Protein chains: 4
Amino acid sequence: MEPLNIAVVGLGRMGKRHVHTLVYRVPRARVVAVCTTDKNEIEWATNNEEYKDFGIQVYSNYDEMLGHRGLHAVWISTSTDVHASQSLAAIAKGIHTLCEKPLSTDLAEAQYVVEAAKCNPSVKVMAGFSRRFDASYRDAAEKIYQQEAIGIFVDCAIHNIDLSLWYLGNPVPKACWAAGTLQHHPELKDLSDVDNVVGVVEFRGGKIAYFYCSRTQAHGHDVSTEITETNGKLMVNVIPNQNNVVLADKLGMKHEVQPEYWQRFEDAFALEANEIVEAIVKNKELPLSLGTGITVMKIGQALQQALLTGEVTRVNESGERLN
Amino acid sequence: MEPLNIAVVGLGRMGKRHVHTLVYRVPRARVVAVCTTDKNEIEWATNNEEYKDFGIQVYSNYDEMLGHRGLHAVWISTSTDVHASQSLAAIAKGIHTLCEKPLSTDLAEAQYVVEAAKCNPSVKVMAGFSRRFDASYRDAAEKIYQQEAIGIFVDCAIHNIDLSLWYLGNPVPKACWAAGTLQHHPELKDLSDVDNVVGVVEFRGGKIAYFYCSRTQAHGHDVSTEITETNGKLMVNVIPNQNNVVLADKLGMKHEVQPEYWQRFEDAFALEANEIVEAIVKNKELPLSLGTGITVMKIGQALQQALLTGEVTRVNESGERLN
Amino acid sequence: MEPLNIAVVGLGRMGKRHVHTLVYRVPRARVVAVCTTDKNEIEWATNNEEYKDFGIQVYSNYDEMLGHRGLHAVWISTSTDVHASQSLAAIAKGIHTLCEKPLSTDLAEAQYVVEAAKCNPSVKVMAGFSRRFDASYRDAAEKIYQQEAIGIFVDCAIHNIDLSLWYLGNPVPKACWAAGTLQHHPELKDLSDVDNVVGVVEFRGGKIAYFYCSRTQAHGHDVSTEITETNGKLMVNVIPNQNNVVLADKLGMKHEVQPEYWQRFEDAFALEANEIVEAIVKNKELPLSLGTGITVMKIGQALQQALLTGEVTRVNESGERLN
Amino acid sequence: MEPLNIAVVGLGRMGKRHVHTLVYRVPRARVVAVCTTDKNEIEWATNNEEYKDFGIQVYSNYDEMLGHRGLHAVWISTSTDVHASQSLAAIAKGIHTLCEKPLSTDLAEAQYVVEAAKCNPSVKVMAGFSRRFDASYRDAAEKIYQQEAIGIFVDCAIHNIDLSLWYLGNPVPKACWAAGTLQHHPELKDLSDVDNVVGVVEFRGGKIAYFYCSRTQAHGHDVSTEITETNGKLMVNVIPNQNNVVLADKLGMKHEVQPEYWQRFEDAFALEANEIVEAIVKNKELPLSLGTGITVMKIGQALQQALLTGEVTRVNESGERLN
C-alpha cells in the first residue's frame, strides 16, 4: 500500500501541529512538503532535524508546492483570507483538500468553494470541524440519538454552532440575539468588537441553543457543553482537566487545566486526519459535508449582526435573514 | 432570654419545612402557632404529635392567629396572591414579617408592602431570598469581592436574578431577550407559557447575565451558577451531589443528586431563619432589604415580556421599561 | 413536653461544640449546665453571653454538677483517662450518659462501664461513634446491605475500625499487622509513637479491612472510605469539599476542603444528639450498643501491638489475642 | 532516515495492540513481522487486511522470525514462561529487545537476562513498565520531586510496586505482610491463590507502601494511586473516567469508566514505544534500567511469601529475604 502524499500549507502553531499529527498518528499518510511565506517559518522548517528525518521539503511558493511530484492532498492552515483561493487552486489541480474552518469570512466566496467541490466529485474537499471527531462529543452524540427528543442545547464556548446543528438534528434557525462586553482588550473598541459575548439562537421546532464565548480564560482551555434532553442532560467537559492528577495542599485540592485547544483536542485531530486520509485512499465518503460549514457561517453572521445592532435577527424558513 | 414567638402561615410543603427549621435549628425562636385554610392540612397539623410536643396551636383564620397572645413574628408561606395582604395585615399590627418571595406578582402591590414597611420602621419585614444564606454562594461572594472586576455572570437555573444583582454589584439593566420552548407540559400552551427558557440581561457598564430555567429535571434538583471574572471564574454546584457517596458498578460511576430545592438549601434556610430571628431579637438590621425584591421583579417582568413578544425589552437608566 | 436537661462535661473544642449542637440543633434538649476544671475555660464560660442567654450554669466540680436540680443526662467530653470514672459516677446516680469514645484506654475499665450499664437498664449509656450518623455513611450502609456480599473494606483514615464492623457485618478478626513512620513530630519518638501508620486486619470469613491514619493533613480534614463489593465498590468522600464552590484561575481549578472533623461531621453530631435524646425521652433503644466500642478497642489494641512489635497479632475465634 | 524494523512476538490482546501502537503512533518504527504459535492467531494475522497494507509478515517460528532480513528489534508479548528464553535468543543475535514484564517468575532466570544485557552493551534491552510513561504519573513524579520529602505511598491497584520505587526514591525494603481473600474465582483455591489482596511494604528510612489488588472490577479499569507528602498529597486517577461525558438522568449523575488497562494507558504505550525506538535509533540510554525489574520482582515475591505463610517477610539491607 502506497501512503498518501500530503503537503501542509501554513506553518503557524496549528500548521506545525498538523505536520506532527500526520507524521506521528496517521500511518497511511506521508508528509512530503510544507509551504509558508513567512521567512522565520521557512528558516525554522529548513533547519528542522525531524523534517529532514522524514524527508519533508520546504516551499515558499504555494503554486510550486502544488506541483510537488506525486502530491495527493493539501492541508490548508493559513490565514482565513486565503483559505478559499488556496482551496480553489488545489481543487482545480485535482488535489484533495482539507481546509481549516471557516472557508471564508465572505459567504459568497465560501459558497464558490462548495460549488467547485461539487463540480470535481473525484476530489475530496472538507472543512475541519475537529470537535466532531472528539471521543467525548461522539459519545454524547450516541447517547443523544438514543434518547427521544432534545429540548435545549447549552454550550459555553466559542466555535460551537456546529455542535448545535449536530446534536439538534440540523434544525432551521428562526431568530437570535446577542450581547457582548469588552473587558480585557480595549484595542478592539475601534473594531466594534467585544471579548465576551452571550448569544441565543431560537430554532424552528422548539429547539434553542445558547452560547457563551470568551477571548480570555485565565485557567486554561475551558470548553464545556450541556445538552438538555427530555429525560435528563448530558454534560461534556464541565470540569476540564489537564490529566488525572489532583494535588491536595494547604490551599485545598487542585487540578490543572489543559492550557490550549490543542491539548484538549489532540486526539480529535488525529482521528479526523485518519478518517480523511482513509476516505481519500479508499475513496469513501468524507465524514462531514462542506454544506454544514455554510450553515454554520450563516448562523454566526446572524448572531454577529444581532450583537452589532442590538436588535433581534430574524431568519425565514430557508435560512435567509429577514433583517 | 425569652424566645421569639413565631407563627407560620401556610402549611404546604414549604410551610411545614419552615416549622421544622424554626423548631430544630433556631433555638431563639419558638413556634407558637400555625395557620392554614386547607382542611387536610388543618387535620394533619391538629393530629401531629410533634406539634403537640412543642405546643404549637393550629389556626384556620389568619386574623385570629395574628391575635395569638405574645406573638412576635409571622413566617408567610402561603400562595403568592395573598403574600401582600397578609404582610400588610401583620405589619399593621406591629408583627415582624418574613414573607416568601415574591411579595406579589403585581409590582404596585409589592411596592405598597415596601412603603408600609418604611412607615413602620420598628417592624422588621423581609422577603426570603434564601440562596443569599447558602454557604457556597456566600463563599463565592467573598471570593468575587476579592477580585478586581466582574465581566459576565452565568446561571443556569430558575429564581436567580437576585444572585446576578448580588454578584455584579447591583447593576442597572439596559436590555434583555428571551426564548422558550414547551416540551413536557402541553397544558401550558393555552397560558402562553413554556417549560424551558433561556434569557439574557445586558446591564449598563458591560455586565451581562444569562439564565437557563427548566420546569423539569429528571435527575434531581440541579441549580448551578458560573461567575466569570477578569482572572478566572467561579462555579457553584456544577456537579450537584446528594451526599459524599459514589457508587461504582458495571454502568460506571454514579452519584445521586438532591431530589429537591429543600435538600440543597436546608442549611441556608436555617441560617436565614437564625439571622432574621437574631435581627429581630437584638434589633439589628435585617440581612436583606425589601427593595432588592422589587428590582428582581422588574427584571423578571422585562424578561417575561421579551419571551412573549419576541422583541428586545429595553430599560432606561432608572430601570423603567421603554417598550 | 418537657425538654431533656443535659450537662456537658469538658469544655475543650469538642465540649463547646456539643453545647452548640444541643442548643441549636436538638429542640427536645436543654443544656442546663457545663463543667470544667480548667480555669480559662471556666472564665470563658462564665462570661459567655450566649450561655447566659440560654441559662447554662457553669460548674468546676463534676460531682456537684451531677447534683444539678432536674438533671437528666450528661455528655462526657473530657480527657480519656476520666471517661470511665465519670461515666460510672453518672450511671450510679441514674443519669443517662453519652461518653465520647473510647470509654477507656484500659480494656478492663471499659468493660466495667459496660457491666455497670447492664446492671442499670433504665439508664441509657452510649459511646459516641458519630460517623454512624453521617448521611453519606448511612447511605453507603443501605447500598451495601442491598448487595450480595462484601469482600474488602478500605478506609484511609483514623478512627474507622467501627465502620469496618458496621459494613462487614460484625466480623471476627483473625490476624493483623501494622507499619508506621514518624515524619512530623520528633517529640513522639520517646513515646514509641508514630504520626503516619498503615494497618491491615484479616477477619474470619475472607473479609479484610485496611486503614491509613495520619496525624497531619495539610489540605484539611480528609476522611475517605472505600468498600469493595462483589458487584462494584462504594466510595465515601474520596474528593472532600468545603462547599460547592470551584475556583478556576491561572493555577487551574481549585476547591477548598473542610478544615476539621467538625465541619465534615457537624450534621452527624446533630443527628446523633437528636437520636440519643429521643431514645432517652421516649425510652427507646439507643442507636448503638456499648459492646461495639469494646470490640473496636480490642482490634485497635491488636493493631497497636503489631505496630510496636513488628509481629503479626493473631486473635482466636472469641476475639482474644493469642500473642 | 531509515525506520527501525521491528517484529512483535505473541499476538494475544496485548501483542495486537503493540502492533497497532507501533504502526499508528511511532513513525520511526516499521513493523515488519509478527510471530505466534497459536493457529487461530496465525490465521487471523494472515488474513488481516491492515497487516497486508503495511507489509507485515507472519511467522509461526520464533527463530525463523529472528532471521527476518533487516530486523532490528523485537517486542516480546508472549506468556511469561518464555519471556526470558526469547529475550536471551534475541540478545544473542544482537537484536534490541523490549520484553513485557516480568522477565520471568524465576528470579535467577530474570537475573540471567540482566547479565546477558550487560555483556552485550550495544543491544538495548528493556522491560516494559508502561505506567512510567503515563502523562499523569509523570506529572505526579515532577510534583513529588519538587517537594521536600515523602512519607507514605498509597496505591490501590495491581502491578504498582514499581511506582513505589519511582516515587519514594528507590528505597530498600525492610518487612512486608499481606492478606488475601478468594471471592469470585473458586477455581483458584487449589492453586492457593486469591482474587483480592492487600499488602504492606515497610521500607528502611520510614517510608511505607501499601497496595490493594483485585482481579475483578465490575465498573471498568480502576487504577488509582495516592502519594502522601509532608505538605499534602497527590492523587492519580481516584475518579476514573472513560471520557469527558457526564450523563444526568433519574438515577443521578453517571460517567463511564475505561473498560480496560488499554484505554487508560494507550497514550503511555505510545510514548513508551516512541522513547524506546528513539533510544535505539539514536543510540541513547533507555528510559528504564533492567535492574529495576529485578527489585520489583524481589518485593513481589516477598509479599507473595507473606500472603502464603501469614508471617511477616523480613528483608536485610541488601534486599535479601531473611525468612
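Note that the structure is predicted; figures quoted are calculated from it, not measured.

S.K.: Help me out: how do you make sense of the overall build of chain A in this one?
M.R.: Along its length, chain A carries 10 helices and 15 strands. Relative to the compact-globule value of 20 Å for 323 residues, chain A shows a C-alpha radius of gyration of 21 Å, a close match. A principal-axis box enclosing the C-alpha atoms of chain A has dimensions of 60 × 55 × 45 Å. Across the 323 residues that make up chain A, the buried fraction comes to 60%.

S.K.: Whenever I open this one, the domain arrangement of chain A confuses me. Can you help?
M.R.: Many structure descriptions define interface size as the accessible area lost when the parts assemble. Residues and elements named next belong to chain A. Domain boundaries in chain A define domain 1 (4-128) and domain 2 (132-264 + 297-314). In this complex, domain 1 contributes 12 residues to the contact, which on the side of domain 2 involves 7 residues. Of the roughly 820 Å² buried between domain 1 and domain 2, counting both surfaces, carbon and sulfur atoms make up 65%. When the buried surface of domain 1 facing domain 2 is broken down by residue, Arg17, Lys101 and Leu107 rank first, second and third, together holding 55% of it. There are 2 salt bridges connecting domain 1 and domain 2. Close ionic contact of Arg17 with Glu260 constitutes a salt bridge, the shortest N to O distance being 3.3 Å. At the junction of domain 1 with domain 2, the criterion picks out 3 residue pairs in polar contact (both at pLDDT 80 or more). Broken down by element, the side of domain 1 that touches domain 2 gets its largest block of residues, 4 residues, from helix H1 (residues 13-25). A per-class count over the side of domain 1 that touches domain 2 returns 5 nonpolar, 3 polar and 4 charged.

S.K.: What should I look at first to understand the interface of chain D and chain A in this one?
M.R.: Each partner contributes residues to the interface: chain D has 36 residues there, and chain A has 36 residues. In total, chain D and chain A occlude about 3000 Å² of area from one another, counting both sides; carbon and sulfur atoms represent 51% of this. Along the contact surface separating chain D from chain A lie 6 salt bridges. Two residues, Arg28 of chain D and Asp53 of chain A, come together in a salt bridge whose shortest N-O distance is 3.5 Å. At the level of secondary structure, the elements contributing two or more residues to the side of chain D that touches chain A comprise helix H1 (13-25), helix H3 (49-53), helix H7 (135-145), strand S12 (232-236), strand S13 (245-249) and helix H9 (261-281) of chain D. The class makeup of the residues in the side of chain D that touches chain A is 16 nonpolar, 7 polar and 13 charged.

S.K.: Mind showing me how you'd approach unusual backbone geometry here?
M.R.: In terms of backbone geometry, most residues other than glycine have negative phi values and most peptide bonds are trans. Residue and element names in this part refer to chain A. Along the chain, Lys101 connects to Pro102 via a cis peptide bond; the corresponding omega equals -10°. The topology assignment puts Pro102 in the loop between strand S5 (96-100) and helix H6 (107-119). Positioned with a positive phi, Asn283 is a non-glycine residue whose angle comes to about 50°. Counting through the fold element by element, Asn283 comes out in the loop between helix H9 (261-281) and helix H10 (290-309).

S.K.: Could you clarify how one ought to interpret the relation of the copies chain D and chain A in this entry?
M.R.: Mapping between the two copies of the chain is achieved by a rotation about an axis and a shift along the axis. For the pair chain D and chain A, the superposition axis carries a translation of 0.0 Å, the fit reaches an RMSD of 0.1 Å, and the rotation angle comes to 180°. Such a combination of rotation and displacement between the chain copies is what one expects of a two-fold axis. Within chain D, the C-alpha atom positioned nearest to the axis of rotation is that of Arg25 of chain D, 2.5 Å from it. Interface residue correspondence from chain D to chain A reaches 100%, placing this contact among same-surface, isologous pairings.

S.K.: Honestly, the sheet that holds strand S3 (residues 57-59) of chain B in this entry has me stumped. Any pointers?
M.R.: Strands in a sheet are paired, the pairing made by backbone hydrogen bonds, and the direction either parallel or antiparallel. All names here are of chain B. Strand order in the open sheet made by the 6 strands is S3-S2-S1-S4-S5-S6, with parallel pairing throughout. The sheet is open, and its two edges are formed by S3 and strand S6 (125-128), each paired on a single side. Shown here is a sheet whose adjacent strand axes are inclined to one another by a mean of 25°, direction ignored. In this sheet, strand S2 (residues 29-35) lies alongside strand S1 (residues 4-9) in parallel orientation, the contact comprising 6 bridges. What sits directly across from Ile6, in S2, is Val31.

S.K.: Where do I start with the pairing of strand S9 (residues 196-203) of chain A in this structure?
M.R.: For a regular strand, the rule is simple: side chains alternate between the two faces of the sheet. Residue and element names in this part refer to chain A. Most of S9 is tucked away: 8 of the 8 residues are buried. A two-sided burial pattern is seen for S9, the buried positions comprising Asn196, Val198, Val200 and Glu202 on one face and Val197, Gly199, Val201 and Phe203 on the other. Of the pairings in the sheet, the one linking strand S8 (residues 173-181) to S9 comprises 8 bridges and is antiparallel in character. Within S9, the position partnered with Trp177 by the bridge is Val200. Where S9 and strand S10 (residues 207-214) come together, 8 bridges link them in antiparallel fashion. Residue pairing across strands places Phe203 opposite Lys207, the latter belonging to S10. Once S9 ends, the chain turns through 3 residues before running back antiparallel as S10, passing Gly205 with a positive phi of about 90°.

S.K.: How should I be thinking about the packing of helix H5 (residues 83-92) of chain B against helix H6 (residues 107-119) of chain B in this particular structure?
M.R.: When two helices pack together, their arrangement is captured by the angle between the axes and the distance separating the axes. Residues and elements named next belong to chain B. Two elements in contact, H5 and H6, have axes whose closest approach is 10 Å; the angle formed by their N-to-C orientations is 15°. Relative to H6, H5 is oriented roughly parallel. At the point where H5 passes H6, the crossing takes the left-handed sense. Contacts from Ala84, Ser87, Leu88 and Ile91 of H5 reach H6 at Glu109, Tyr112, Val113, Ala116 and Ala117. Considered class by class, the residues forming the contact of H5 with H6 number 7 nonpolar, 1 polar and 1 charged.

S.K.: Can you walk me through the interface of chain C and chain D in this structure?
M.R.: Counting residues at the interface gives 37 residues for chain C, matched by 36 residues for chain D. Three residues, Trp177, Tyr210 and Tyr212 of chain C, lead the burial of chain C against chain D; their summed loss comes to 19% of the area buried on that side. Applying the counting rule to chain C against chain D returns 4 salt bridges. Close ionic contact of Asp222 of chain C with Lys233 of chain D constitutes a salt bridge, the shortest N to O distance being 2.7 Å. Viewed at the interface, chain D and chain C are joined by 10 residue pairs in polar contact (both at pLDDT 80 or more). Among the elements of the structure, strand S7 (150-156), strand S8 (173-181), strand S9 (196-203), strand S10 (207-214) and strand S12 (232-236) of chain C are those that each provide at least two residues to the side of chain C that touches chain D. Broken down by element, the side of chain C that touches chain D gets its largest block of residues, 6 residues, from S8 of chain C. Across the side of chain C that touches chain D, the residue classes break down as 17 nonpolar, 14 polar and 6 charged.

S.K.: Explanation requested: the packing of aromatic side chains in the structure shown.
M.R.: For any pair of aromatic rings, geometry is given as the distance between the ring centres together with the angle between the planes. Inspection of the entire model under this criterion finds 38 aromatic pairs over all chains. Their ring planes at 65° and their centres at 6.0 Å tell us that Tyr261 of chain A and Phe269 of chain A sit as a pair that is edge-to-face. Measuring from ring centre to ring centre gives 4.9 Å for Trp166 of chain D and Tyr167 of chain D, while their planes differ by 20°; the resulting arrangement is stacked. For the pair Trp166 of chain D and Tyr167 of chain D, a shared accessibility class is recorded, and that class is buried. By the ring-pair criterion, three or more aromatic residues cluster together here, those being Tyr137, Trp166, Tyr167, Tyr261, Trp262, Phe265 and Phe269 of chain A. Here Lys16 of chain A stacks its cationic end above the ring of Trp44 of chain A, 4.5 Å away from the centre of that ring.

S.K.: Sorry, what's going on with the UniProt feature "domain: Gfo/Idh/MocA-like oxidoreductase N-terminal" (unreviewed entry) in chain A here?
M.R.: Those places that UniProt annotates as "domain: Gfo/Idh/MocA-like oxidoreductase N-terminal" (unreviewed entry) correspond, in this numbering, to residues 4-126 of chain A. Between the C-alpha atoms that bound residues 4-126 of chain A the distance is 16 Å, and the span itself is 44% helix and 22% strand.

S.K.: Can you walk me through the relation of the copies chain C and chain D in this structure?
M.R.: Least-squares fitting of chain C to chain D yields an RMSD of 0.0 Å, with the superposition described by an axial translation of 0.0 Å and a rotation of 180°. An overlap of 97% is found between the interface residues of chain C and their copies at the interface of chain D, pointing to a shared contact surface.

S.K.: So what exactly am I meant to see when it comes to the side chain of Lys124 of chain B here?
M.R.: Residue and element names in this part refer to chain B. Summarising the element assignment, Lys124 is placed in the loop between H6 and S6. Glu285 is the oppositely charged side chain nearest to the buried, salt-bridge-free Lys124, at an N-O distance of 8.1 Å. A polar atom in the side chain of Lys124 sits 3.2 Å from the side chain of Asn283. In terms of polar contacts, Lys124 uses its side chain to reach the backbone carbonyl oxygen of Lys284, at 2.5 Å.

S.K.: Which parts of the structure should I look at to understand the environment of Trp75 of chain A?
M.R.: Tracing the chain through its elements places Trp75 of chain A in strand S4 (residues 73-76). Remark: the alpha-carbon pair of Trp75 of chain A and Arg321 of chain A, spanning 246 residues in sequence, is separated by 33 Å.

S.K.: What am I meant to see in the pattern of salt bridges here?
M.R.: If charged atoms from side chains of opposite charge come close, those side chains can pair. What the rule picks out here adds up to 72 salt bridges over all chains. In this structure, Lys284 of chain B engages Glu278 of chain B in a salt bridge whose closest nitrogen and oxygen atoms are separated by 3.3 Å. Of the charged contacts, one joins Arg138 of chain D and Glu275 of chain D as a salt bridge, the two residues approaching to 2.9 Å between their closest N and O atoms. A residue pair is termed long-range when its members are at least 10 positions apart, and Arg138 of chain D in helix H7 and Glu275 of chain D in helix H9 qualify at 137 residues.

S.K.: So what exactly am I meant to see when it comes to the state of the cysteines here?
M.R.: Here, the word disulfide means a covalent bond between the sulfur atoms of two cysteines. Residue and element names in this part refer to chain A. Counted according to the given criterion, the structure contains 0 disulfides over all chains. Cys99 forms no disulfide, and the closest cysteine sulfur to it belongs to Cys35, at a distance of 14 Å. In this structure Cys99 comes out as buried when scored by relative accessible area, which is 0%.

Basis of the calculations
- Residues numbered from 1 in each chain as written.
- Chains lettered and ligands numbered in written order.
- Predicted model: local features only at pLDDT ≥ 70, side-chain atom pairs only at ≥ 80, totals over all residues.
- Heavy atoms only, no water.
- Helix = DSSP H or I, 4+ residues; strand = E, 2+ residues; numbered from the N terminus.
- Rg over C-alpha atoms; globule rule 2.2 N^0.38 Å.
- Buried < 20%, exposed > 50% of the residue type's maximum accessible area, 1.4 Å probe, protein only.
- Domains from an automatic or database assignment.
- Contact = heavy atoms within 4.5 Å.
- Buried area = accessible area lost by both parts, 1.4 Å probe.
- Salt bridge = Lys/Arg side-chain N within 4 Å of Asp/Glu carboxyl O.
- Polar contact = N/O pair within 3.5 Å; in protein donor to acceptor, adjacent residues only side chain to side chain.
- Nonpolar A, V, L, I, M, F, W, Y, C, P; charged D, E, K, R; others polar.
- Least-squares fit on C-alpha atoms with pLDDT ≥ 70 in both.
- Pairing = 2+ DSSP bridges.
- Axes fitted to C-alpha atoms, helices over the stretch in contact; angles between N-to-C directions.
- Parallel < 35°, antiparallel > 145°, perpendicular 65-115°, else oblique.
- Left-handed = near helix turned anticlockwise from the far one by under 90°.
- Phe/Tyr/Trp six-rings, centres within 6.5 Å; stacked < 30°, edge-to-face > 60°.
- Lys NZ or Arg CZ within 6 Å of the ring centre and 35° of its normal.
- UniProt positions renumbered as here; feature names shortened; annotations may be inferred.
- Lys, Arg positive; Asp, Glu negative; His and termini not counted.
- Disulfide = S-S within 2.5 Å.

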